[in-house]
Amino acid sequence: MTQTFAAPGQPGMTVVRHSRHPMRRTAFVMLLLSTSAFAMVGVAAADPLVAAGCDFNNDGFEDLALGVPGENIGNVANAGAVNIIYGSATGLGAAGNQLWDQNSTAVEGVADSGDRFGAALACGNFNLDAYDDLAIGVPGEAIGGVANAGAVNVLFGSRAGLTASGNELWYQDGVLLTGTAEAGDRFGAALASGDFDDDVADDLAIGVPGEDFESAGHDNGGAVNVIYGGSSGFTAVGNQLWSQDSPSVVGATSGDEEFGAALASGDFDNDGFDDLAIGVPGEDVSLPDDESASDGGAINILNGSFSGLTADRDQLRTQASLAGAQEDGDHFGFSLAVGDFNNDNFDDLAVGVPGEDVGTNGSAGAVNVIYGGGGLLTVEGNTLWHQDSFLVPGSAERSDAFGAALAAADFNGDGRDDLAIGVPGEDLATIANTGAVNVLFGTNAGLLAVASQQWHQNSPSIAGLAETGNAFGSSLVAGQFDSDNRADLVVGVPGEAVGNVTSAGAVNVLYGSAGGPSGARDQIWHQDSPGILGGIEPFDRLGEQLLISNGVYRIPFINGTQVSVTGDHFSHSPDFNEYDMHGEPNSSGQQYFIVAAAAGTIMAIEDSNAEPTNSNNYVWIAHANGEWTKYTHFETGTVTALGRTVGQAVTAGTVLGLEGDVGQASGEHLHFEVAVPDDPANAISGGGFIIGHARVPLFCGVGGNVLFGGQTYSAKSC
């Protein structure tokens with residue numbers, strides 16, 4: 001059958017960390033968080049907050065570091081910064097707060113566009129003095145002209161707090177550091193500190209989720225670098241590079257696994273050496289009857305020893321051996337947190353599974369809890385939690401992403417660690433995706449839901465107001481900021497508008513009490529808080545855990561189209577950070593025009609495929625900010641019929657073709673993604689897939705500037 005259609009203005013045509021008890025120092029990626037049979041994967045969650053065990057000035061009160069990777073430094077977009085807010089007997093206060101970036105006096109490196117300084121954080125006493133120090137991930141750092149290779153800055157503590165004196169910059173082309181800086185490695189996208197060799201000095205594990213193993217054809221297989229602390233700080237002596245191809249490590253590296261996308265340390269076997277949990281959220285998991293779960297996800301455990309981390313007793317855990325059902329796109333290992341939930345002196349591991357389906361609710365999300373013992377982590381007694389679990393407040397809903405962020409600490413002071421669980425996609429009545437946090441409490445029997453809590457910005461005494469797209473709970477961290485010896489909870493709210501500044505972002509602080517986190521003394525902090533250094537800007541998204549796009553895009557349908565999102569950055573299966581959407585009503589005979597999401601240059605077109613086929617029709621557009629956008633499943637011939645050609649410049653809103661269902665599609669829809677190629681000159685692989693990494697796109701004109709599954713939006717110009 002032939003069809004005639006006319007695009008607007010055109011004639012008609014035919015045609016997806018640890019200090020021992022009670023607090024842990026953790027910072028981890030999605031990434032996030034935030035990721036098929038092609039050479040690209042979206043990253044998991046990165047935690048831009050750190051507090052647990054962080055006393056930078058040794059005054060007895062823990063301090064809070066807030067990463068703002070979207071911060072502009074002068075005219076340098078998305079260079080990134082870190083705010084430091086110091087604790088006191090009465091809690092966090094603005095007195096003496098600091099703002100750090102790579103243009104700060106004497107700090108190693110230079111603030112460049114897209115560096116994303118502060119995307120991941122970890123603290124520890126790396127140099128054996130009396131003060132905690134801060135490691136800062138800079139995954140977008142260019143090394144010798146190699147884009148997005150990544151780096152880590154280290155600032156050391158002092159009586160006056162963090163200082164640039166003696167600061168360090170580490171990267172894979174550093175002195176003797178194992179590995180070679182490659183485009184898209186994103187060294188520093190995840191961080192975790194721990195004392196892996198029990199020499200008192202803390203050590204640092206650095207996630208490199210984009211590490212390629214090109215000899216085996218495995219792009220984004222992922223790796224972890226480990227550098228060891230000492231009296232002079234970090235040293236390259238004895239540094240390590242781990243992957244699933246390392247001797248004795250269980251598993252085998254394959255493409256888009258992102259080994260190292262999430263990290264957490266803890267002493268799971270109580271032998272005095274910290275061990276390292278490594279998230280592998282893109283792991284394809286073998287199931288019975290020759291089935292598999294694409295991007296089902298996994299974790300590896302490396303054990304500590306006198307010689308540092310070793311794979312002598314390495315474990316690989318997936319949901320195939322735990323509670324829950326391993327499914328495509330679960331991304332088990334997207335987030336990690338360590339705590340002693342049953343007070344038996346063996347640390348336990350909570351594993352976020354934000355893509356878990358609960359009943360018919362796709363990507364409602366879940367958390368697996370695995371308990372420690374003499375053999376590291378044991379399957380015995382493991383549990384699965386979600387919002388349909390008995391006594392857990394809330395109800396499992398599509399795209400809630402329960403488990404996208406985690407934090408473990410003793411919030412009620414009873415000697416057992418508790419677990420805070422981020423639910424950034426939670427709806428409150430008609431307020432879509434405003435977000436929430438659930439808290440489960442530790443007992444001698446482990447985590448239980450008795451007296452469990454749920455918090456959101458409409459909870460009594462909580463500062464702020466629940467609004468569409470706030471994504472309260474996108475990141476979490478715990479710290480003891482005051483003198484009451486109970487842990488306090490920090491909650492990232494990246495979609496929070498501050499005044500009229502959209503998506504500036506904020507954090508809420510809920511102080512601990514005998515009943516757990518409490519709203520009684522709740523604070524909200526952002527860069528417009530009295531006395532806080534820095535200036536709020538649109539799309540800073542303070543408190544964000546995901547790798548967000550540099551650009552801001554329009555919804556890629558012609559103005560006025562009602563667009564339903566069926567797969568979002570959490571629920572798109574199997575790959576995170578990508579979107580499926582379609583025009584409404586989605587009925588036979590309806591036709592919807594797809595448009596360019598921003599100005600750019602067309603880099604690739606394929607629209608000759610016709611059903612039945614597994615080959616997609618697509619368009620790739622390169623933008624001035626270095627990002628590329630992809631539009632997939634066009635009706636056959638509708639792109640070239642409009643005169644679109646490779647090399648053609650387009651503006652935002654330029655019509656590209658008709659929504660279709662050609663290729664790997666189920667029903668007519670648009671697959672849309674934002675990605676950064678490792679090498680723009682060799683960006684597209686066979687089948688039209690990019691060799692690079694995906695980012696969660698920011699969209700103009702919607703609450704919180706991020707789209708969520710199950711919602712309908714109106715397309716319009718920015």
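Structure's up top.
Residues numbered from 1 in each chain as written. Predicted model: local features only at pLDDT ≥ 70, side-chain atom pairs only at ≥ 80, totals over all residues. Heavy atoms only, no water.

Along the backbone of the protein there are zero helices and 46 strands. The C-alpha atoms of the protein give 24 Å as radius of gyration, which agrees with the globular expectation for 718 residues (27 Å, within 12%). By residue count, 67% of the 718 residues in the protein fall in the buried class. (Helix = DSSP H or I, 4+ residues; strand = E, 2+ residues; numbered from the N terminus. Rg over C-alpha atoms; globule rule 2.2 N^0.38 Å. Buried < 20%, exposed > 50% of the residue type's maximum accessible area, 1.4 Å probe, protein only.)

This part is about the sheet that holds strand β11 (residues 151-156). In a beta sheet, neighbouring strands are held together by backbone hydrogen bonds and run either parallel or antiparallel to one another. The antiparallel open sheet is built from four strands, whose spatial order is β9-β10-β11-β12. With one partner strand each, in any of the chains shown, β9 (120-124) and β12 (163-170) form the two edges of the open sheet. The sheet shows a mean angle of 20 degrees between the axes of neighbouring strands, direction not considered. By the bridge criterion, five bridges tie β9 to strand β10 (residues 133-138) in an arrangement that is antiparallel. (Pairing = 2+ DSSP bridges. Axes fitted to C-alpha atoms, helices over the stretch in contact; angles between N-to-C directions.)

What follows covers the layout of surface pockets. Reported here for the second largest pocket is a volume of approximately 290 Å³. If you trace the second largest pocket, you find 22 residues lining it, with Ala147, Asn148, Asn625, Gly626 and Val676 closest to the centre. If you list the elements that add at least two residues to the lining of the second largest pocket, you get β44 (670-677) and β45 (692-699). Taken together, the residues that form the lining of the second largest pocket break down as seven nonpolar, ten polar and five charged. (1 Å grid on protein atoms, 1.4 Å probe; cavity = no way out; pocket = protein on both sides within 12 Å on 5 of 7 lines; lining within 4 Å. Points joined across faces, edges and corners; volume = space filled by probe spheres on them. Nonpolar A, V, L, I, M, F, W, Y, C, P; charged D, E, K, R; others polar.)

Per the stated rule, a full pass over the model turns up seven salt bridges. Notably, a salt bridge pairs arginine 521 with aspartate 482, separated by 2.9 Å at the nearest N-O pair. Taken together, the residues span a long stretch of sequence, with arginine 521 in strand β34 (residues 518-525) and aspartate 482 in the loop between β31 (476-479) and β32 (488-493) at a distance of 39 residues. In this structure arginine 521 comes out as partly exposed when scored by relative accessible area, which is 37%. On the basis of relative accessibility, which here comes to 5%, the residue aspartate 482 falls in the buried class. Here glutamate 627 makes a salt bridge to arginine 695, at a shortest N to O gap of 3.0 Å. You can see glutamate 627 sitting in the loop between β40 (618-622) and β41 (628-632) and its partner arginine 695 sitting in strand β45, a full 68 residues away along the chain. (Salt bridge = Lys/Arg side-chain N within 4 Å of Asp/Glu carboxyl O.)

Considering all chains together, one arrives at two disulfides under this definition. The disulfide that involves cysteine 54 links it to cysteine 123, with 1.9 Å between the sulfurs. Between cysteine 54 and cysteine 123 the disulfide shows an S-S torsion of about -90 degrees. By sign, it is left-handed. Linking cysteine 54 in the loop between β5 (49-50) and β6 (64-68) with cysteine 123 in strand β9, this pair joins segments that are 69 residues apart in sequence. Sequential numbering of the bridged cysteines in the protein gives the disulfide pattern 1-2, 3-4. (Disulfide = S-S within 2.5 Å.)

Attention shifts here to a nonpolar patch on the surface. A cluster of nonpolar side chains, Phe390, Leu391, Leu448 and Val450, forms an exposed patch at the surface whose accessible area comes to about 430 Å². For leucine 391, the position within the fold is in the loop between β26 (376-385) and β27 (405-409). (Patch = residues over 30% accessible without salt bridge, like charges linked within 9 Å, V, L, I, M, F, W, Y side chains within 5 Å. Areas by Shrake-Rupley, 256 points an atom, 1.4 Å probe, with all protein chains shown as cover.)

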